[in-house]
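One-letter residues, chain by chain:
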Amino acid sequence: MNLKRMIGVILVIAGIILGVAKALGGEGQSGDWTIRRSDDPGRVEFSLMDSRAGHHFHISSDWPASDFSGVDFSKAGRQEVHFTIARDAGKFECEGFLKDGEGAGLFHFVADAKYAQEMKGLGFGGIDGDKQWAMAIHDVGLKFARDIKAENLQGLDTDKLIAFKIHGVTPEFIAGIRAAGVNVSDSDKLIAFRIHGVSPEFVSGIRSAGMNVVDSDKLIAFRIHGVTPEMVRSIKQAGYEPDADKLIAMRIHGATPEWVAELKKQGYEHVDLDKLIAFRIHGVSPDFIGQLQKLGYSHPEPDQLIAMRIHGVTPDFISGLQSRGMKNLSIDQLVSLRIHGID
């Protein structure tokens, strides 16, 4: 019998046993577990599954192999295993089998009776059975709670504490962000930092590129829209001194350093950043400028280029007029013709 089929059989048996346990009104929470190899050395992919009346739960993540005390994942062949994963919120009593380091079985979660009261004493109340179960899975320990509490954060509650653990907001991360010059104390912002990748290294990189940005929302926007230290350096090397809002707008509208360099080749090397952004919004491209030059319009002013695009003065429109003998029209005249609907 191959491993997948063996796991399937175990899970079927596990479901039957679990159903009987629930029917008998057993205490605690029970379900199925599986273990598979992880690509990360020293860790295994551990999954917990539970199905209760109308409620289905499945979580899978990489856990340190050291959490599975007494289990030898390097052992070849089939082995029965019994192990306990102990957390402050409770313990997972597990039994089952492994074959070549992978397998499945049953777990029974036993909540720690003192945990909710101890957490409440630290200021983290509202911990019911389901929340304590989640805090055990994510290893929200008492020391972690004390250390985070000591950071004097705004908006910190039990749900945020769990989110901190899930997303990796640790005291070390907070200290690193503050050491990088961002004195953030808002719990939601710290979670957003971790979700979007605002790390101490990123903040330091932006600063080393010449931008001292300490506003949390702007740093998050940098990561969302792709403002990198490399982009900042390139824009500065092109002779600009952008602020945070202009960098974000450039990324939103696609005014990349490469695109700016192409405009420079067309003779537009000192265009105001607001006008460069307007170029992207309205479609003033190096190709558009090149076509105008072929039609006799060499180096129009930035405002003229924007007006031409806004009002639909296209190379086809110009060449159509020229084919009818109207070859010496100014840009202002071309724009006026389009404004008044003359085709």
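Residues numbered from 1 in each chain as written. Predicted model: local features only at pLDDT ≥ 70, side-chain atom pairs only at ≥ 80, totals over all residues. Heavy atoms only, no water.

## Here we look at the packing of aromatic side chains
Inspection of every chain in the model, using the stated rule, returns 14 aromatic pairs. When the centroid spacing of 5.2 Å and the interplanar angle of 70° are considered together, the rings of Phe57 and Trp133 count as edge-to-face. Residue Phe57 is located in strand S3 (residues 55-64), and its partner Trp133 is located in helix H3 (residues 129-137); the two are separated by 76 residues in the primary sequence. Residues Phe68 and Phe73 carry aromatic rings whose centres are separated by 5.7 Å and whose planes lie at 90° to one another, so their mutual orientation is edge-to-face. Taken together through their ring pairs, the aromatic side chains of Trp33, Phe46, Trp63, Phe68, Phe73 and Phe83 make up a single cluster. (Phe/Tyr/Trp six-rings, centres within 6.5 Å; stacked < 30°, edge-to-face > 60°. Helix = DSSP H or I, 4+ residues; strand = E, 2+ residues; numbered from the N terminus.)

## Notes on helix H5 (residues 158-167)
Within the sequence span of H5, burial applies to Thr158, Lys160, Leu161, Ile162, Ala163 and Phe164. Next to the buried residues of H5 lie helix H2 (115-121), H3, helix H4 (142-149) and helix H7 (187-196). Capping the start of H5 is the job of one residue whose side-chain oxygen sits 3.2 Å from the backbone nitrogen of Asp159: Asp157. (Buried < 20%, exposed > 50% of the residue type's maximum accessible area, 1.4 Å probe, protein only. Contact = heavy atoms within 4.5 Å. Polar contact = N/O pair within 3.5 Å; in protein donor to acceptor, adjacent residues only side chain to side chain.)

## Considering the confidence of the model for the protein chain
Mean pLDDT over the protein chain: 90, with 91% of residues reaching 70 or higher. Note that pLDDT drops below 50 for residues 1-27; the model gives that stretch 32 contacts with residues more than four away or on any other chain. (pLDDT = per-residue confidence, 0-100.)

## Examining the pattern of salt bridges
Counted under the stated rule, the structure contains 17 salt bridges. Between Glu241 and Lys236 there is a salt bridge, with the nearest N and O atoms lying 2.5 Å from each other. Close ionic contact of Lys265 with Glu262 constitutes a salt bridge, the shortest N to O distance being 3.3 Å. Of this pair, Lys265 and Glu262 both sit in helix H12 (residues 257-265), separated by three residues, roughly a single helical turn. Take Lys265: its relative accessible area is 66%, and that puts it in the exposed class. What makes Glu262 partly exposed here is its relative accessible area of 37%. Through salt bridges with shared partners, a single network forms among Asp67, Arg87 and Asp139. (Salt bridge = Lys/Arg side-chain N within 4 Å of Asp/Glu carboxyl O.)

## Let's talk about unusual backbone geometry
Although it is not a glycine, Asp139 sits at a positive phi angle of roughly 55°. Structurally, Asp139 is set in the loop between H3 and H4. Taking the relative accessible area as the measure of exposure, Asp139 reaches 30% and is therefore partly exposed. Not every positive phi belongs to a glycine, and His299 is a case in point at roughly 55°. Along the chain, His299 falls in the loop between helix H14 (286-294) and helix H15 (302-311). For His299, a relative accessible area of 36% gives the class partly exposed.

## A few points about the layout of surface pockets
Here the largest pocket is characterised by a volume of approximately 250 Å³. Those elements giving two or more residues to the lining of the largest pocket turn out to be S3 and H5. For the lining of the largest pocket, the per-class residue count stands at five nonpolar, two polar and six charged. (1 Å grid on protein atoms, 1.4 Å probe; cavity = no way out; pocket = protein on both sides within 12 Å on 5 of 7 lines; lining within 4 Å. Points joined across faces, edges and corners; volume = space filled by probe spheres on them. Nonpolar A, V, L, I, M, F, W, Y, C, P; charged D, E, K, R; others polar.)

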